[in-house]
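Summary of the model geometry
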Amino acid sequence: MNDLFNYKRRESTVAHAGSTAIGGGNPIRVQSMTTTNTNDTEACVAQAERIIKAGGELVRLTTQGTREAENLKNINASLRDKGYDTPLVADVHFNPNVADVAALYAEKVRINPGNYVDPARTFKKLEYTDEEYAAELKKIEARFVPFLNICREHHTAVRIGVNHGSLSDRIMSRYGDTPEGIVESCMEFLRICKREAFDDVVISVKASNTMVMVRSVRLLVSRMEAEDMHYPLHLGVTEAGEGEDGRIKSAVGMGALMADGIGDTIRVSLSEEPEAEIPVARHLVEYITRRAGHMLIPGTQAPSFDWLNPERRSTTAVGNVGGAHVLVVIVNGTGRETADSFGSDTTPDYIYCGGAMPEHRIDGVRYIVDFGAYDGSGNVFPVFPSNAIPFISLVNAPLKFLVLQFGTPVEEYTACLKAHPEVVVVCMSNHRNRTGEQRALVHEMMCAGVSNPVVFAQMYSHDAQEKADMQLEAAADMGALMADGLTDGLWLMNNGGIALRDIADTAFAILQAARLRTSKTEYISCPGCGRTLYDLRSTIARIKESTAHLRGLKIGIMGCIVNGPGEMADADYGYVGAGVGKVSLYRRKECVEKNIPEAEAVERLLALIDSDRKARQE
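Residues numbered from 1 in each chain as written. Predicted model: local features only at pLDDT ≥ 70, side-chain atom pairs only at ≥ 80, totals over all residues. Heavy atoms only, no water.

Secondary structure assignment for the protein chain yields 16 helices and 23 strands. Reported as C-alpha extents along the three principal axes, the dimensions of the protein chain are approximately 75 × 55 × 55 Å. Out of the 618 residues belonging to the protein chain, those deemed buried represent 60%. Relative to all contacts within the protein chain whose residues are 6 or more apart in sequence, the contacts with residues 24 or more apart total 67%. A total of about 22800 Å² of accessible surface is found on the protein chain, and carbon and sulfur atoms cover 50% of it. (Helix = DSSP H or I, 4+ residues; strand = E, 2+ residues; numbered from the N terminus. Buried < 20%, exposed > 50% of the residue type's maximum accessible area, 1.4 Å probe, protein only. Contact = heavy atoms within 4.5 Å. Areas by Shrake-Rupley, 256 points an atom, 1.4 Å probe, with all protein chains shown as cover.)

Put into structure tokens, the structure is as follows:
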């Protein structure tokens, strides 16, 4: 079991992709993937150059066929002629013969266990006897071992890359659509690597649902440790989307794992130009790894906590905080804000006004003031610093907030909380590893049998031009706390020039990225690659423009069929490239319209959504 409170990189073996070492004591590598046609040497080389110049340490290219795999030789040679030694990674789906060819010309080959030997997923309920299941595993070994031998001969590394969206029907039949199935799909291949003593292996298990992704990677790490495997890990959230939402979603998922020292190489998958991914990944790596060597946090894990199967901490609700309520959002304001100060769906639940009562009150919003300024008004509640604990019993209010940090005398604050179930804890930290210290306080409360709700307060100091940095850092800091089920709300603060509306929007986006509170339409969109069969970015823009008002709806926008229906498993609707200039539409996993001309597809999607909405209203 890892240390929940003190940051340390997970120990792993080292995989070599060309001259780049991954894992062990090496830096966390950042990478991206080209979106150009892999048969177009000039375009691929130009895009790879942009990725490398942005700081990318590996460049991945799709190789959907033998022709594309063979052209890696030309792409590789052109880059070497230009003086670059950055490893190329071939991305292979459906055809193991292509992987064999790619291993001759790329420094690393990614294969997907869900479709390497197993047929493409059909979403049909299949049954396998134990004998039939074992026979299928033999088929995998018979095909996979020759590939490993080719890789060994040519010093080519391998990534075993499992995607939640492309688990095979065989795995689904035995494990269902679960983290256990994701992990077993990976372990089947890793056991072969171990038996064959093939060590240049990197692993990834990804999902578009950040919490599924986090739980799956945690489970994988545990299973590998149990079988004495220590391969390096590649992290990523698939189909994260674009813009702020894509960055926040990636930071929530990867930040949750990196906080526990997990991750040796990362890719932030955005529906944008691939070089735009690199600065985001680099900032995440630098922000998390600066925790190394921090002052020890003497936390104790609560016996009831299960890192592999976390559940939301059981709390006694206070007003609309804790219990079964959705997580609340709190921001700092002046008390003079109006409804127009915020988005219609991202108005905070509470606004902190400091030492004065609010001058103007927004309908539906509650306010927090320093306890000395509290006058008993309705919808206004007092907040106490830890050194004011003796005053809590003197103030009559149905809901109170108490700011605590790990290190506050346990007997003092736990006695107060047990005597005052109306108190919500505001957990703050100024520690270099704030995630570890905030975890430590809540675990201390759990050990003491305290059931008061907890809101995590995160403070940053960024100016308006650094809004993206604040968003990444806040999302990364909250990732593990949300994945652990420890939080009942987020109080997001920034000392700087970032607009209050942007801070509130960010808080809601972080909660939505963890599927803990929905405030807007969610788009599950792939980053695009050489397999993409239509203009992905303009299509995303058109769909967003027409559906942004449909709060709570999840729409998948996929460039091709590789992860399409599977990664969109919990999306309400899907828009998937089916061929050149052709698109298929899905209602959840069901394909309802096939091979629509691209020019008509967005309008047909909107018509489908509108038709379903009208049918539900009748």
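Next comes the rest of the write-up.
Take the UniProt feature "binding site: [4Fe-4S] cluster" (unreviewed entry) in the protein chain next. Mapped onto this numbering, the UniProt entry annotates "binding site: [4Fe-4S] cluster" (unreviewed entry) at Cys526, Cys529, Cys560 and Glu567. Inspection of the secondary structure puts Cys526 in the loop between strand 19 (522-525) and helix 14 (536-547). A relative accessible area of 9% means that Cys526 is categorised as buried. (UniProt positions renumbered as here; feature names shortened; annotations may be inferred.)

End to end, helix 14 covers 16 Å across 12 residues, agreeing with the expected 16 Å (1.5 Å per residue, within 8%). Of the surrounding secondary structure, the elements contacted by the buried residues of helix 14 are strand 19, strand 20 (554-558), strand 21 (573-579) and helix 16 (598-617). (Expected span 1.5 Å × (residues − 1).)

Moving on: the sheet that holds strand 20. Within the open sheet, the 5 strands sit side by side as 19-20-21-22-23. Their pairing is mixed. With partners counted over all chains shown, the strands left at the sheet margins are strand 19 and strand 23 (590-597), one partner each. Pairwise comparison of adjacent strand axes, ignoring direction, gives a mean angle of 20° for this sheet. Pairing between strand 22 (residues 582-587) and strand 23: 5 bridges, direction antiparallel. Its bridge partner lying in strand 23, Val583 is registered against Ile596. (Pairing = 2+ DSSP bridges. Axes fitted to C-alpha atoms, helices over the stretch in contact; angles between N-to-C directions.)

Residue position: Asp91 is located in strand 5 (residues 88-92). A distance of 2.8 Å separates the side chain of Asp91 from the side chain of Arg60, its partner in a polar contact. (Polar contact = N/O pair within 3.5 Å; in protein donor to acceptor, adjacent residues only side chain to side chain.)

Further remarks concern unusual backbone geometry. Although it is not a glycine, Phe94 adopts a positive phi angle of roughly 75°. On the basis of relative accessibility, which here comes to 39%, the residue Phe94 falls in the partly exposed class. Although it is not a glycine, Ala197 sits at a positive phi angle of roughly 55°.

Bringing the packing of helix 9 (residues 277-289) against helix 12 (residues 467-483) into the picture now. Viewed as axis vectors pointing N to C, helix 9 and helix 12 meet at an angle of 55°, and their least axial separation amounts to 10 Å. With respect to helix 12, the axis of helix 9 lies oblique. Helix 12 is crossed by helix 9, and the crossing has right-handed handedness. The segment helix 9 lies against helix 12, with Val280, His283, Leu284, Tyr287 and Ile288 engaging Asp469, Leu472, Glu473, Ala476 and Asp477. (Parallel < 35°, antiparallel > 145°, perpendicular 65-115°, else oblique. Left-handed = near helix turned anticlockwise from the far one by under 90°.)

Locating Ala106 in the fold gives a position in the loop between helix 3 (96-105) and strand 6 (108-111). Between the C-alpha atom of Ala106 and that of Ile75, which follows or precedes it by 31 residues, the distance is 9.6 Å. The residues touching Ala106, leaving out its near neighbours within four places in the chain, are Leu72, Asn76, Leu88, Ala90 and Thr156.

Let us look at the environment of Arg9. With respect to the helices and strands, the residue Arg9 is situated in the segment before strand 1 (14-17). Arg9 has contacts with Gly24, Asn26, Pro27, Ile28, Gly261, Gly263 and Asp264, leaving out every residue within four places of it along the chain. At 3.3 Å, the side chain of Arg9 and the backbone oxygen of Asn26 are in polar contact.

Attention now moves to the environment of Val321. With respect to the helices and strands, the residue Val321 is situated in the loop between helix 9 and strand 11 (328-332). The class for Val321 is buried, based on a relative accessible area of 0%. For the pair formed by Val321 and Val424, sequence separation is 103 residues and the distance between their alpha carbons is 7.7 Å. Apart from residues lying up to four places away in sequence, Val321 is in contact with Thr316, Val328, Tyr350, Leu399, Val424, Pro453, Val455 and Asp488.

Turning next to the pairing of strand 3 (residues 29-33). Residues in a regular strand point their side chains to alternate faces of the sheet. Summarising burial for strand 3: 5 of the 5 residues are buried, a large majority. Side chains of strand 3 alternate between two faces, with Arg29, Gln31 and Met33 and Val30 and Ser32 buried alike. The pairing of strand 3 with strand 10 (residues 265-266) spans 2 bridges and is parallel. When the sheet's bridge partners are listed, Val30 is paired in strand 10 with Ile266. Note: strand 3 against strand 4 (residues 58-62), 3 bridges, orientation parallel. Bridge assignment links Ser32 to a residue of strand 4, and that residue is Val59.

Right, let's talk about the packing of aromatic side chains for a bit. Going through the model one piece at a time under the given rule, you end up with 11 aromatic pairs. When the ring of Tyr116 is compared with that of Phe189, the centres are 5.9 Å apart and the planes differ by 80°; the resulting orientation is edge-to-face. Highlighted residues: Tyr116 in the loop between strand 6 and helix 4 (130-154) and Phe189 in helix 6 (residues 179-195), separated in sequence by 73 residues. The exposure classification of Tyr116 matches that of Phe189, with both residues buried. One aromatic cluster is present, formed by Tyr116, Phe144, Phe147 and Phe189 through successive ring pairs. The ring of Tyr133 has Arg170 sitting right over it, with the charged end atom 4.9 Å from the ring centre. The aromatic ring of Tyr133 is capped on one face by Arg174, whose charged end is 4.1 Å from the ring centroid. (Phe/Tyr/Trp six-rings, centres within 6.5 Å; stacked < 30°, edge-to-face > 60°. Lys NZ or Arg CZ within 6 Å of the ring centre and 35° of its normal.)

Before going further, it helps to spend a moment on helix 2 (residues 66-81). For helix 2, built from 16 residues, the straight-helix expectation of 22 Å at 1.5 Å per residue is met to within 8% by its first-to-last C-alpha distance of 24 Å. Every buried residue of helix 2 is listed here: Glu68, Ala69, Asn71, Leu72, Ile75, Asn76 and Leu79. On its buried face, helix 2 sits against helix 1 (41-53), strand 4, strand 5 and helix 3. At the C-terminal side of helix 2, Gly83 shows a positive phi close to 95°.

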